[in-house]
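Observations on chain architecture
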Amino acid sequence: MSDDIDDGNDPHDDEMEQILRQVRPRGAGAALRSRVLAGVAGQLRAPSRPRWERVFWPAAAAAILLGVLLNYWVAKRGSERLARIMGPPAVSKRAAELAADIAAVTDEATGRWAYERLAACCRPPNPLERSGVHAQNRMPE
Amino acid sequence: MENLSRRLAQGDPAAFAALYDACADRVHHYLVVRLGSREDADDVLQETFVRLARNRRRLAGVDNLMAYVFIVARNEAARLARRSRRAGCAGRENLPSADVLFCPSGGDLRAQEAAETVAKALARLEPPLREVVELKVYAGLRFREIAEVTGVPQGTVATRYRAALAKMRTWLVREQS
């Protein structure tokens, strides 16, 4: 659409425009001119940095923080998912050997008791145990 | 104008003075109509030019400097209005009186009467219509430039302008009768 079309030719509108144009707007004033140009001069003297440079470091810090938080969240979710699929982590070999030693010098019941206590201490709480699914941790023969 | 853009982008103070002389009066009047206060218009005009100086590198690629200054001034006015709302100050909805808006008539009764009539007619318009009239009649922008400044389609600008004139004409006829 061209301005020629837009500017319209309604004679009444022209009359109204003439009335509007009869009055002259008040200007900004001489005092304001010096005030504004002083502000501009101050700004021109100030070291000018491009906008990308002003936002770079805050944006980089925010991105790193976001990355760390995201990494923590993904690792946590991954561990939870693996625990759901694979069951609780195996009891360490040292705990099993220690329980076997205890069984050798005492009896099998004490050895099993020691093994269960050590296993309970070593492994993290299993979410499946709460739902009634128990992993089978067998004492080595 | 292209040369002025280049000088502005290089940070030439004389170029900023030239830009001020070319458009400050028109922008100031637009701001007075929009904000309803000469003091606020003074502050916003100053902030507009300081912002132009701060982001002067962008001015090298500006095709229409006049429209660009109005865009920056409009954004600054909106920012001031938001700050005032957050601070709990109610914005001035009413248009200032004729003697604030227009040049003193110097005792000429007819000129004074015309100024009062125009101020009253403008005050009857909704802000979007008033803004278009202000930018067209007093800022001297074309519809294409007004569309650029206000961010509405050019056809809408033309429609608003005609609607504003019709509304003012109706009011004027009623007043005269």
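Here goes a summary of the coordinates provided. Bear in mind that the values here come from a model prediction, so they are computed numbers and not experimental data.

Parameters and conventions
- Residues numbered from 1 in each chain as written.
- Chains lettered and ligands numbered in written order.
- Predicted model: local features only at pLDDT ≥ 70, side-chain atom pairs only at ≥ 80, totals over all residues.
- Heavy atoms only, no water.
- Helix = DSSP H or I, 4+ residues; strand = E, 2+ residues; numbered from the N terminus.
- Buried < 20%, exposed > 50% of the residue type's maximum accessible area, 1.4 Å probe, protein only.
- Contact = heavy atoms within 4.5 Å.
- Areas by Shrake-Rupley, 256 points an atom, 1.4 Å probe, with all protein chains shown as cover.
- Expected span 1.5 Å × (residues − 1).
- Arc of directions from axis to C-beta.

1. Brief notes about the overall build of chain B
Counting secondary structure elements, chain B contains 9 helices and 0 strands. The helix and strand sequence of chain B, counted from the amino end, reads α-α-α-α-α-α-α-α-α. Looking at the 177 residues of chain B, the share that counts as buried comes to 51%. Considering only residue pairs separated by 6 or more positions, chain B has 64% of its internal contacts joining residues 24 or more positions apart. Entry remark: accessible area of chain B is about 8,600 Å², with carbon and sulfur atoms responsible for 47%.

2. Here we look at helix H5 (residues 93-105) of chain A
Residue and element names in this part refer to chain A. When the terminal C-alpha atoms of H5 are compared, their 19 Å separation across 13 residues agrees well with the 18 Å that a helix rising 1.5 Å per residue should span. Those residues of H5 that fall on the buried side of the exposure criterion are Ala95, Ala96, Ala99 and Ala103. Summarising the axial view, the buried residues of H5 lie within an arc of 100 degrees, below the 170-degree limit, and thus occupy one face. The exposed set on the far side of H5, more than 90 degrees from its buried face, consists of Lys93, Arg94, Ala104 and Val105.

3. Observations regarding helix H3 (residues 30-45) of chain A
Here H3(A) spans 23 Å end to end across 16 residues, near enough to the 22 Å set by a 1.5 Å rise per residue. All of the buried residues in H3(A) are A:Leu32, A:Val36, A:Leu37, A:Val40, A:Gln43 and A:Leu44. Here the buried residues of H3(A) occupy an arc of 125 degrees about the axis, which is enough to place them on one side. Residues A:Ala30, A:Ala31 and A:Arg45 are exposed on H3(A) and point more than 90 degrees away from its buried face. Against helix H2 (13-35) and helix H3 (38-54) of chain B lie the buried residues of H3(A).

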